[in-house]
Amino acid sequence: MRTFLGGAGALLAGFVLALSALLPSIATAQSVEDIISRGKLVVAIDTTTPPYGFLDANLKPTGFDIEVANKMGEALGVPVEFVTVTSPGRIPALLTKQVDAVISIFSITPARAIQIDYSIPYAGQSAVVIAPKSTGIKGVADLVGKKVGLTRGTGEDGLLTKAAETNPGIEILRFDDYSSLLQAMVSGQIDAMGGGDYGEIYLKKAQNGDAFEQKYVLKTFYFGIGVAKGNDNLRQWINTWLFTMKTDGTLDALSMKYRNQPLPVLPVF
Amino acid sequence: MQTALQFGPILVHLDLLLRGLEKTIQLAALSILFGTAIGILGAVGRSFGPRFLSWAVAAYVELIRNTPLLIQLYFVFFSLPLFGFKLSSNMAAVVALSIHLGAYATEILRAGIEAIPEGQIEAAKSLGLSRYRIIRHVVLVPAARAVYPSLSAQFILQIMGTSIVGAIAAEELTAVANNLVMQTFRSFEVYIIIAIIYFVLVQAASLLFAGLGKLMFRWKV
């Protein structure tokens, strides 16, 4: 019996060893010095969130967030290693110390800040109302009697549905995807649409895309760089570095490149 | 993963689902009505019309039967406005669904018409019946009687076909269900509930079509 157990134990130990060899290397670096002495910065990104993170024609990650990560590596003097995560995988990547930082449209919320720490915001994006230039819309009251399109289940859906409840007469049309929504806007099936503030980039590609403009902001979300809870050494360096990136105009230039407009005012904490 | 089904958060929104059901019934009923009318005209035109009409109907049937319903919906809703025809979501859905069913109904009725033996028409001619009365009483009614089971099966498919018109923002049962999924994140429960609603609806429709068939196509002796 004992020999059987011993054999099983040895087998198990061997199995665990083999398994651990298969697991990705763990980014155990804690401080800025650790990252520099290890010689690489490990960053979690998402490549399904254009224009912030996506794959270019050569299937290489690119976008606003990816360039921010590369600039962070440059400032530290180390190459950047990317780990691709999905949006629900961002917090676990930090909790399990697989990455040093998350740079992936990581909206700053108090609920998330219980588990991880955020840098000051480096970017912001607004849910906005977009409509033809010829339509006079300044606020929610002007939407009464109009058809407003949005994508089912998005942040805009929640915000505009609530607005329609308090302002009867707003007709909400929900589409299954963003391309249908843009199509409805371009073909005039809706009078206005709710979407991200980068929506104009996509509308401009349409036949009469220049006829549309952003009317007003529903809500602004601010993106921070996520680090492991309590990693103040790294977080403080990131905040300082972001301060220089903001003041020398680098972040605004990146925003113009990928979002076709400057960043909103970024409050700090 | 452990899953506990919770229907409570969905059932409080039952009124929304019922409003969706109402729209589904409306879309199905209107499109079956118009689609059948298109089918009757199409089948008669294809079999008895002048050659150009016969070809035009054949082209329509082929065009519709060889393209997906979803694309037809997109075309009516998103593309027609570029030519100046702007239809609301519900109108566009009824138009696309009617045109869709019309093509299938044309083909089903034509099959019935072609199955009418030549001798039956010759007998009617020798009795001195007018062309209109021959087409109506000697050809169309017996043809419709023969293909009525296939036709009502197509009607059932039509009812279920309404479930994709949420793509052009018509708020029928499935679209309402998808809204609820996004609000409650209880997809399993929502889809179970609407599956039951669809089942009951289709069963009721089947009974209705069977009853209507008995009423319309009694053998008169």
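Residues numbered from 1 in each chain as written. Chains lettered and ligands numbered in written order. Predicted model: local features only at pLDDT ≥ 70, side-chain atom pairs only at ≥ 80, totals over all residues. Heavy atoms only, no water.

Further remarks concern the overall build of chain B. Regarding its fold elements, chain B presents 9 helices and 0 strands. Helices and strands in chain B line up, N terminus first, as α-α-α-α-α-α-α-α-α. Projected onto its principal axes, the C-alpha coordinates of chain B cover approximately 75 × 45 × 30 Å. Taken over 221 residues, chain B has a buried fraction of 44%. Total accessible area on chain B stands at roughly 12,200 Å², and carbon and sulfur atoms take up 69% of it. Side-chain charges of chain B comprise 16 positive and 10 negative groups, with the mean position of each set lying 10 Å from the other. (Helix = DSSP H or I, 4+ residues; strand = E, 2+ residues; numbered from the N terminus. Buried < 20%, exposed > 50% of the residue type's maximum accessible area, 1.4 Å probe, protein only. Areas by Shrake-Rupley, 256 points an atom, 1.4 Å probe, with all protein chains shown as cover. Lys, Arg positive; Asp, Glu negative; His and termini not counted. Charge placed at Lys NZ, Arg CZ, Asp CG, Glu CD.)

The subject of this paragraph is the overall build of chain A. If you tally the helices and strands in chain A, you get 10 helices and 12 strands. The buried share among the 269 residues of chain A stands at 46%. Partitioning the contacts of chain A with sequence separation of at least 6, the portion at a separation of at least 24 is 71%. Accessible surface for chain A amounts to roughly 13,000 Å². Of this, 60% is attributable to carbon and sulfur atoms. (Contact = heavy atoms within 4.5 Å.)

For the rest of this paragraph, the subject is the sheet that holds strand E11 (residues 212–223) of chain A. Note on sheets: strands pair through backbone hydrogen bonds, and any given pair is parallel or antiparallel. All names here are of chain A. The mixed open sheet is built from 5 strands, whose spatial order is E9-E8-E10-E7-E11. This sheet does not close on itself; its edge strands, each paired only once, are strand E9 (171–175) and E11. Neighbour-to-neighbour, the strand axes of the sheet open up by a mean angle of 25 degrees, direction not taken into account. With 5 bridges connecting them, strand E8 (residues 147–151) and E9 associate as parallel partners. Looking at the pairing, Lys147 lines up with Glu171 of E9. (Pairing = 2+ DSSP bridges. Axes fitted to C-alpha atoms, helices over the stretch in contact; angles between N-to-C directions.)

All names here are of chain B. At a closest axis distance of 5 Å, the pairing of helix H2 (residues 14–48) and helix H5 (residues 89–114) adopts a crossing angle of 40 degrees. Regarding the angle of H2 to H5, the classification is oblique. Considering the relative orientation of H2 and H5, their crossing is right-handed. (Parallel < 35°, antiparallel > 145°, perpendicular 65-115°, else oblique. Left-handed = near helix turned anticlockwise from the far one by under 90°.)

All names here are of chain B. A contiguous nonpolar patch, built from Phe75, Leu82, Phe83 and Phe85 and spanning about 480 Å² of accessible area, is present on the exposed surface. With respect to the element layout, Phe83 can be found in the loop between helix H4 (69–79) and H5. A relative accessible area of 60% means that Phe83 is categorised as exposed. (Patch = residues over 30% accessible without salt bridge, like charges linked within 9 Å, V, L, I, M, F, W, Y side chains within 5 Å. Salt bridge = Lys/Arg side-chain N within 4 Å of Asp/Glu carboxyl O.)

Moving on: unusual backbone geometry. All names here are of chain A. In this model, Pro50 is joined to Pro51 through a cis peptide bond whose omega is 0 degrees. With respect to the helices and strands, the residue Pro51 is situated in the loop between strand E1 (41–45) and strand E2 (54–55). With a phi angle near 65 degrees, Asn260 is a residue other than glycine that sits in the positive phi range. Among the secondary structure elements, Asn260 is positioned in the segment after helix H10 (250–259).

Turning our eyes to something else, we now look at the side chain of Asp46 of chain A. Residues and elements named next belong to chain A. Locating Asp46 in the fold gives a position in the loop between E1 and E2. For the buried residue Asp46, which engages in no salt bridge, the nearest side chain bearing the opposite charge is Arg90, 6.3 Å off. Separated by 2.8 Å, the side chains of Asp46 and Thr48 make a polar contact. With residues near it in sequence (within four places) discarded, Asp46 still touches Gly53, Phe54, Val85, Thr86, Ser87 and Ser104. (Polar contact = N/O pair within 3.5 Å; in protein donor to acceptor, adjacent residues only side chain to side chain.)

Right, let's get into helix H7 (residues 178–186) of chain A. Residues that lie three or four places apart on an α-helix share one face, since the helix turns once every 3.6 residues. Of the positions making up H7 of chain A, those classed as buried are Ser180, Leu181, Leu182, Ala184, Met185 and Val186 of chain A. A positive backbone phi angle near 80 degrees is found at Gly188 of chain A, which sits one or two residues after H7 of chain A.

The next point concerns the interface of chain B and chain A. At the junction of the two partners, chain B supplies 18 residues and chain A supplies 13 residues. Buried area between chain B and chain A, summed over both chains or domains, comes out near 1,300 Å², and the portion from carbon and sulfur atoms is 53%. In terms of surface lost to chain A, no three residues of chain B exceed Phe78, Ala169 and Met182 of chain B, which account for 34% of the buried area on that side. Remark: the boundary between chain B and chain A carries 1 salt bridge. Note that Glu171 of chain B is salt-bridged to Arg174 of chain A, the shortest N-O span being 3.5 Å. (Buried area = accessible area lost by both parts, 1.4 Å probe.)

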